[in-house]
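Here is what each chain is made of, one letter per residue.
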Amino acid sequence: MSGQRNLPKYLWFYSICLMIIAVVGGCNQTEPPDPITEGQRIYTIYCLGCHSLDPAGPAALGPPLAGIGTRAANNSEGLSATEWLRREIINPDVVVAPGYTAGLMPRTYGTDFRPVQLEALIAYLASLE
Ligand code: HEC
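None of these values were measured; they are calculated from a predicted model. (Residues numbered from 1 in each chain as written. Predicted model: local features only at pLDDT ≥ 70, side-chain atom pairs only at ≥ 80, totals over all residues.)

**What about the overall build of the protein chain?**
Condition: Numbering goes from the N terminus for both helices and strands, where a helix is a DSSP run of H or I of at least four residues and a strand is a run of E of at least two. We call a residue exposed when 12 or fewer other C-beta atoms sit within 10 Å of its C-beta, buried when the count reaches 20 or more, and partly exposed for counts in between; the C-beta positions come from the backbone. Contact definition: two residues whose C-beta atoms, as placed from backbone geometry, lie within 7 Å.
Within the protein chain, the regular secondary structure consists of six helices and zero strands. The linear arrangement of helices and strands in the protein chain, starting from the amino end, is α-α-α-α-α-α. Taking all 129 residues of the protein chain together, the buried fraction comes to 16%. Long-range contacts, defined here as pairs at least 24 residues apart, represent 57% of the contacts in the protein chain between residues at least 6 apart.

Below, the structure is given as structure tokens:
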């Protein structure tokens, strides 16, 4: 009889264990954000104020960056799209976009962002065709 009375306790114990495993397993499944999504988030915070994503959008501060991925891929300097984008972000005044003034875009992004954030931003910009 006593063995039968103990059985539900064991079941209760096992179900608690299963719940813990499910919760911990669920935590492990949280993946890091996709780089493009993360890059878009960073762009919205740091870049959108000066760089509209509408080709006909405001261009008073910086050029709209609609289609910048395609422009980056077709750069005339022989750089890869990624190299060109990185250079433009880290060192914006090496080549100044025609019709714009040097010195307006912050020159601190190379150190402001963590490398993983910079790569996410570049991946996002490269995706803008
Ligand atoms: C205070 C305004 C300002 C902010 C903020 C800013 N930029 Fe700029 N950006 C400019 C200006 C002005 C230019 C054009 C002059 C130049 O090339 O340096 C430019 C140029 C660029 C270019 C080259 C465009 C081309 O057609 O050659 C890229 C790419 C760029 N910015 C990306 C970014 C990214 C990414 C961010 C956010 C991390 C950012 N910018 C933040 C003002 C800004």
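**Digging into the environment of Asp93**
As for its position among the elements, Asp93 is in the loop between helix H4 (81-90) and helix H5 (109-112). Taking the number of C-beta atoms within 10 Å as the measure of exposure, Asp93 has 12 and is therefore exposed. For the pair formed by Asp93 and Leu104, sequence separation is 11 residues and the distance between their alpha carbons is 9.0 Å. Beyond its immediate sequence surroundings of up to four residues, Asp93 is in contact with Ala102, Gly103 and Arg107.

**Quick look at the site of the ligand**
Put simply, the rule is: The criterion for a residue being near a molecule or strand is simple: its C-beta atom, placed using the backbone, must lie within 6 Å of it. Charged means Asp, Glu, Lys or Arg here, nonpolar means Ala, Val, Leu, Ile, Met, Phe, Trp, Tyr, Cys or Pro, and polar covers whatever is left, Gly included.
Near the ligand you find 24 residues, and of these Cys47, Cys50, Gly62, Tyr100 and Met105 are the closest. Take the shell around the ligand: its biggest share by element is three residues, from H4. The class makeup of the residues in the shell around the ligand is 19 nonpolar, three polar and two charged.

**A word on the packing of helix H2 (residues 35-46) against helix H6 (residues 115-126)**
The following threshold applies: Note on method: axes are straight lines fitted to C-alpha atoms, helices fitted across the in-contact stretch only, with angles between N-to-C directions ranging 0 to 180 degrees. Any angle from 65 to 115 degrees is called roughly perpendicular, while one under 35 is roughly parallel, one over 145 is roughly antiparallel, and all others are oblique.
The interhelical angle for the contact between H2 and H6, taken along N-to-C directions, is 95°, at an axis separation of 7 Å. Put simply, H2 runs roughly perpendicular to H6. Seen from H2, the contacting residues are Pro35, Ile36, Glu38, Gly39, Gln40, Ile42 and Tyr43; seen from H6, they are Gln117, Glu119, Ala120, Leu121, Ala123, Tyr124 and Leu125. In terms of residue class, the contact of H2 with H6 is made up of nine nonpolar, three polar and two charged.

**Some details on the nonpolar core**
Which entries qualify depends on this criterion: A set of buried residues qualifies as a nonpolar core if it consists of Ala, Val, Leu, Ile, Met, Phe, Trp, Tyr and Cys joined through C-beta atoms within 7 Å.
Grouped together as the largest cluster of nonpolar side chains are 14 residues, with contacts concentrated most on Ala72, Leu85, Leu121, Ile122, Leu125 and Ala126. Breaking this core down by element, the ones donating at least two residues are helix H3 (68-73), H4 and H6. With seven residues, H6 is the largest single contributor of residues to this core. Apart from residues no more than four positions distant in its own chain, Leu125 is found in contact with Gly39, Leu65, Ile68, Gly69, Ala72 and Leu85.

**Digging into H6**
Here is the rule: Here a helix's expected span is defined as the number of its residues, less one, multiplied by 1.5 Å.
Relative to the 16 Å expected for 12 residues at 1.5 Å per residue, H6 spans 16 Å between its end C-alpha atoms, a close match to the ideal helical length. Every buried residue belonging to H6 is among Leu118, Ala120, Leu121, Ile122, Tyr124, Leu125 and Ala126, and all of these are buried. Looking at the buried positions of H6, the neighbouring elements they touch are H2, H3 and H4.

**Concerning the packing of H4 against H6**
Here is the rule we go by: Each helix crossing is assigned a hand: it is left-handed if the near helix lies turned anticlockwise from the far helix by less than a right angle, otherwise right-handed if that turn is clockwise.
Two elements in contact, H4 and H6, have axes separated by 10 Å at closest approach and are oriented at 120°. By the angle between their axes, H4 is oblique relative to H6. The way H4 lies across H6 gives a crossing that is right-handed. Contact residues: H4 offers Ala81, Thr82, Leu85, Arg86 and Ile89, while H6 offers Leu121, Ile122, Leu125 and Ala126. Across the contact of H4 with H6, the residue classes break down as seven nonpolar, one polar and one charged.

By themselves, these figures tell us nothing about what the structure is for.
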